[in-house]
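# Summary of structural features
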Amino acid sequence: MARSLQGKTLEAILTELLEVYGWDGLAHRIAIQCFINDPSIKSSLKFLRKTAWARAKLEMLYLSLP
């Protein structure tokens, strides 16, 4: 079954990706400072909400999960 973004909050997407990859894995796949330097869900959500290209990369990574 293919994944969908419908009905998923950004926080839920980030949390699920963290469970799979952890902060180091996310930073390796999407090189943004909020994943590399003192990462937290709060700071990451703040950055992702105002940065469309970073959010798009996160969503694409989520959709590519098996």
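Notes on the structure follow. (Residues numbered from 1 in each chain as written. Predicted model: local features only at pLDDT ≥ 70, side-chain atom pairs only at ≥ 80, totals over all residues. Heavy atoms only, no water.)

For the rest of this paragraph, the subject is unusual backbone geometry. Even without glycine at this site, aspartate 38 takes up a positive phi of about 50 degrees. If you trace the backbone, aspartate 38 turns up in the loop between helix 2 (33–36) and helix 3 (41–50). A residue is classified by how much of its surface remains accessible, and aspartate 38, at 68% relative accessible area, is exposed. (Helix = DSSP H or I, 4+ residues; strand = E, 2+ residues; numbered from the N terminus. Buried < 20%, exposed > 50% of the residue type's maximum accessible area, 1.4 Å probe, protein only.)

Moving on: the pattern of salt bridges. Throughout the structure, instances matching the rule amount to three salt bridges. Arginine 3 is the partner of glutamate 16 in a salt bridge, and the nearest nitrogen-oxygen pair spans 2.8 Å. You can see glutamate 16 sitting in helix 1 (residues 10–29) and its partner arginine 3 sitting in the segment before helix 1, a full 13 residues away along the chain. Taking the shortest distance from any N to any O, the salt bridge between lysine 8 and glutamate 16 comes out at 3.3 Å. Residue classification places lysine 8 among the partly exposed positions, given a relative accessible area of 33%. Connected via shared salt-bridge partners are Arg3, Lys8 and Glu16. (Salt bridge = Lys/Arg side-chain N within 4 Å of Asp/Glu carboxyl O.)

Take helix 1 next. The first and last C-alpha atoms of helix 1 sit only 17 Å apart over 20 residues, clearly below the 28 Å expected at 1.5 Å per residue. Along helix 1, the sharpest kink reaches roughly 95 degrees, centred on glycine 22. Regarding helix 1, the residues found buried are Leu10, Ile13, Leu14, Glu16, Leu17, Leu18, Gly25, Leu26 and Ala27. The inward-facing, buried residues of helix 1 contact helix 2, helix 3 and helix 4 (52–63). (Expected span 1.5 Å × (residues − 1). Bend = angle between axes of the 7 residues up to and from the residue. Contact = heavy atoms within 4.5 Å.)

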